[in-house]
Amino acid sequence: MRSQVGSASESVRARFGDAASRRNFLKALGTAGIAGLAGCSGGGESYDGQEQTTASGGDDEETETESSSGGDSGSSTLRMSATQRFGTVDPAKGTDYTQVLALVNLYDPLVFPDTEGNLQGHLAEDWTVSDDNQTYTFTLREGATFHSGNPVTAEDVQFSAERFLDINQGYSSLLGNVLSKENVTVEDERTVSFTLDRVHSPFLATLVLLFVVDKQQVLDNAEDGDFGDRGDYAQSFLNDNDAGSGPYELAGFERQAQISFSRYADYWGSFKDGAYDNVTVQIITNDPTVRSLMKTGELDMSSQYQSEETYEALAAEDDIRVESVPTVTTFYFKINTQKAPTDDPAVREAMAYGFDYETARNEIAPGSLPAQGPLPSSFGVHNDDIVQPTYDPERARQILADAGYEEGDITVQNTYVKDYGLEEKMGLLFQQNMDEIGIDVELNPQTWGTMTELATSVEDTPHINQVFYGPVYPSPDTVFYNQYHSEAASTWMSMEHLEDENVDSLIDEARSTVDADARAELYAEVQERIANQYPDLFIFVQSKKHAFAADVAGYTFRPSMSFDYWFPDIYQE
């Protein structure tokens, strides 16, 4: 084994030692990636790259509802692709990027993130906060109606919060640990208040995920269930239908194939001139199909998860452009800190210094940005003093030697999403890099569903797990709590299984701290505390890419999951 490792190390150094060899090696990787993507059937499990489905078993049903018409004849239709099916469109359950893409267009929350991540009034015209910072009172805008024609009232907001908390799925935990449903109060028809159990600084930001439903429509469509006179809260109905007030209505839904939307004529908000009358999102996991449809004009906008080769091919077309947008999503190698041998901080530190970040960022994910710790540097509270490890195999070997390890003593399993070219290349690079420092790596591609299942158990979670993660609401809290607080353990977001009382305490204190400067100091401290324990390899910060037909304009990035797919922004030139 050791002689094999030594031989491989020489091979890796030879391959990466000069630019020409490196390009040849990566070219070979690129070919493998394309082949992998080409072999991914449309019926196979696809991957969103950062979020997963955690909804009920009902969401996994393979039943299809009404078919999509793709829009009325004679009206404008935007045709997009996505790589992951829409498991549900129930606003109390949706969690992943495709589901939230649907929800932000079918429903309205009280507040909405702008391009800087600041919260703006949405269904709420304005709001006040009590002196003790525990009661938030919202005034609803006038004239907002649901797709049914019913007016949006404070009672609907109260009902939506109760439904969210009672069903207790999706992102309900964001509110459930600080808000009792009895403390959501209707003050009058347009005024509703939320009184928290304690000060909770991220509360307002989490409200972007509380989508308001039409109470009357929900009750009219409720079936027998576990919630008294509210039956099943119309879960069966809302799995396939909408009861929202958003800018678009659900026009068709084939769960495995596509979802379509039509513009709501009586929407209270504005649309860009030339905004589309209809939007159809097709589930396409095959890169060659995306390339073909874009070139023939049958697709107007690609997903963000095409291969680099596809983006390059499409960018060469005269009537197609590819845009790259910096995001706040980080690509992590999440390390199981509770399972030998990666429970040893020295092993994790050696891995951190043994990985070639520059090649990963510049050759495998070109256009991506350097990472520096757990929080992307575009956050205003980023700790610029965090030491980001750099590729230094000699230092990595010394760390292992000082900790008493010899070549061949350590074997780890690296899991990534199969049939996803970028992650396959990253896994191969990691395997080669670790060979160089004497660590054996077993590559273990799995479906995304299997990875999320493995995450629920410390024992089953592999040593290394490749995962994208970005903010699900516009606050640094979403980065720290969901990934590193011990109470948020055993999800795909927290595959580190980190248990650190100081980290927990700092996150809790930040949540209860109102003063922004004091909270920033706590965030800086928790970043340092996390980085010093090496629970992750922070590989890069993603730059999101889309291919657009030449006449499609208006895509606007917002730093919260899928709020950049706000259809009223996108228009035809």
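Residues numbered from 1 in each chain as written. Predicted model: local features only at pLDDT ≥ 70, side-chain atom pairs only at ≥ 80, totals over all residues. Heavy atoms only, no water.

- The protein chain goes by Twin-arginine translocation signal domain-containing protein in an unreviewed UniProt entry, where it is assigned to Haloferax volcanii.
- As stated in UniProt under Sequence similarities (unreviewed entry), the record for the protein chain gives "Belongs to the bacterial solute-binding protein 5 family." (UniProt positions renumbered as here; feature names shortened; annotations may be inferred.)

### Looking at the overall build of the protein chain
Here comes step 1: Tallying secondary structure elements over the protein chain gives 18 helices and 17 strands in all.
Here comes step 2: By the burial criterion, 59% of the 573 residues in the protein chain qualify as buried.
Here comes step 3: Put simply, of all contacts in the protein chain between residues at least 6 apart along the chain, 73% involve residues at least 24 apart.
Here comes step 4: A total accessible area of about 21100 Å² is found for the protein chain, and carbon and sulfur atoms account for 42% of it. (Helix = DSSP H or I, 4+ residues; strand = E, 2+ residues; numbered from the N terminus. Buried < 20%, exposed > 50% of the residue type's maximum accessible area, 1.4 Å probe, protein only. Contact = heavy atoms within 4.5 Å. Areas by Shrake-Rupley, 256 points an atom, 1.4 Å probe, with all protein chains shown as cover.)

### Here's the deal with the pattern of salt bridges
A pair can form between side chains of opposite charge whenever their charged atoms are brought close.
Here comes step 1: With the rule as written, the count across this model stands at 15 salt bridges.
Here comes step 2: Arg-163 is the partner of Asp-90 in a salt bridge, and the nearest nitrogen-oxygen pair spans 2.8 Å. Here the residue Asp-90 occupies a position in the loop between strand E1 (77–82) and helix H3 (97–106), and Arg-163 occupies one in helix H4 (residues 154–167), the gap between them amounting to 73 residues.
Here comes step 3: Its relative accessible area of 0% is what places Asp-90 among the buried residues.
Here comes step 4: Across the salt bridge formed by Asp-564 and Lys-544, the nearest N and O atoms sit 2.6 Å from each other. Placement of the pair is Asp-564 in the loop between strand E16 (552–553) and strand E17 (571–572) and Lys-544 in strand E15 (residues 536–549), with a sequence separation of 20 residues.
Here comes step 5: A relative accessible area of 1% means that Asp-564 is categorised as buried.
Here comes step 6: In this structure Lys-544 comes out as buried when scored by relative accessible area, which is 6%. (Salt bridge = Lys/Arg side-chain N within 4 Å of Asp/Glu carboxyl O.)

### Points about a negative patch on the surface
Here comes step 1: Taken together, the side chains of Asp-384, Asp-385, Glu-509, Glu-525 and Glu-528 make up a negatively charged region of the molecular surface.
Here comes step 2: Positionally, Glu-525 belongs in helix H18 (residues 516–531).
Here comes step 3: Under the relative-accessibility criterion, Glu-525 is labelled partly exposed at 43%. (Patch = residues over 30% accessible without salt bridge, like charges linked within 9 Å, V, L, I, M, F, W, Y side chains within 5 Å. Lys, Arg positive; Asp, Glu negative; His and termini not counted. Charge placed at Lys NZ, Arg CZ, Asp CG, Glu CD.)

### Structural notes on the pairing of strand E13 (residues 439–446)
Here comes step 1: Two elements, strand E12 (residues 410–417) and E13, share 8 bridges in a ladder whose sense is parallel. Looking at E13, one finds that Gln-413 is bridged to Glu-442.
Here comes step 2: Regarding the hand of the β-α-β motif, the stretch spanning E12, helix H14 (residues 421–436) and E13 is right-handed. (Pairing = 2+ DSSP bridges. Right-handed = clockwise from strand over helix to strand, strands pointing away.)

### What about the packing of aromatic side chains?
Here comes step 1: Counted under the stated rule, the structure contains 28 aromatic pairs.
Here comes step 2: Ring centres of Tyr-136 and Phe-203 lie 4.8 Å apart, and the angle between their planes is 55°; this geometry places the pair in the tilted category. Here the residue Tyr-136 occupies a position in strand E5 (residues 135–140), and Phe-203 occupies one in helix H6 (residues 203–206), the gap between them amounting to 67 residues. Both residues of the pair, Tyr-136 and Phe-203, belong to the buried class.
Here comes step 3: Aromatic pair Phe-261 and Phe-567: ring centres 5.3 Å apart, planes at 65°, arrangement edge-to-face. With Phe-261 in strand E9 (residues 258–263) and Phe-567 in the loop between E16 and E17, this pair connects stretches of sequence that are 306 residues apart. Phe-567 matches Phe-261 in its accessibility class, with the two residues each being buried. (Phe/Tyr/Trp six-rings, centres within 6.5 Å; stacked < 30°, edge-to-face > 60°.)

### Considering the environment of Thr-95
Here comes step 1: Among the structural elements, Thr-95 can be located in the loop between E1 and H3.
Here comes step 2: When its relative accessible area of 4% is taken as the criterion, Thr-95 is described as buried.
Here comes step 3: Through-space distance from the C-alpha of Thr-95 to that of Gln-169 is 9.2 Å; in sequence the pair is 74 residues apart.

### Some remarks on the sheet that holds E13
Neighbouring strands of a sheet are bound in pairs by backbone hydrogen bonds; such pairs are parallel or else antiparallel.
Here comes step 1: Strand order in the open sheet made by the 5 strands is E13-E12-E14-E11-E15, with mixed pairing throughout. Where the open sheet ends on each side, the last strands, each with one partner, are E13 and E15. Strand-to-strand twist of the sheet, defined as the mean angle between neighbouring strand axes without regard to direction, takes the value 30°. (Axes fitted to C-alpha atoms, helices over the stretch in contact; angles between N-to-C directions.)

### Quick word on the sheet that holds E1
Here comes step 1: The sheet built from 4 strands is open, its strands ordered E1-E10-E9-E8 with mixed pairing. With partners counted over all chains shown, the strands left at the sheet margins are E1 and strand E8 (248–254), one partner each. With direction set aside, neighbouring strand axes in the sheet form an average angle of 20°.
Here comes step 2: Sheet topology note: the E8/E9 ladder contains 6 bridges and is antiparallel. Note that in E9 the partner of Tyr-248 across the bridge is Arg-263.

### Quick word on the nonpolar core
Here comes step 1: Of all hydrophobic cores here, the largest spans 150 residues; its most connected members are Leu-110, Phe-194, Met-351, Phe-355, Met-426, Leu-537 and Ile-539.
Here comes step 2: Taken domain by domain, this core gets at least three of its residues from each of domain 1 (77–274 + 550–572) and domain 2 (326–543).
Here comes step 3: If we ignore the near neighbours within four places in the chain, the residues touching Ile-539 are Phe-331, Tyr-332, Phe-333, Phe-355, Tyr-357, Ala-360, Ala-371 and Met-426.
Here comes step 4: In this structure, Leu-293, Leu-314, Ile-320 and Ala-547 belong to the second largest nonpolar core, which totals 8 residues. (Core = buried A, V, L, I, M, F, W, Y, C linked by side-chain atoms within 4.5 Å. Domains from an automatic or database assignment.)

### Quick notes on the packing of helix H12 (residues 357–364) against H14
Here comes step 1: Put simply, H12 and H14 touch, their axes get as near as 11 Å, and they point 150° apart. Considered as vectors, H12 and H14 are oriented roughly antiparallel to each other. The element H12 and its partner H14 pack so that their crossing is right-handed. On H14, the residues that touch Thr-359, Ala-360 and Ile-364 of H12 are Leu-422, Lys-425, Met-426 and Leu-429.
Here comes step 2: A class-by-class count of the residues in the contact of H12 with H14 yields 5 nonpolar, 1 polar and 1 charged. (Parallel < 35°, antiparallel > 145°, perpendicular 65-115°, else oblique. Left-handed = near helix turned anticlockwise from the far one by under 90°. Nonpolar A, V, L, I, M, F, W, Y, C, P; charged D, E, K, R; others polar.)

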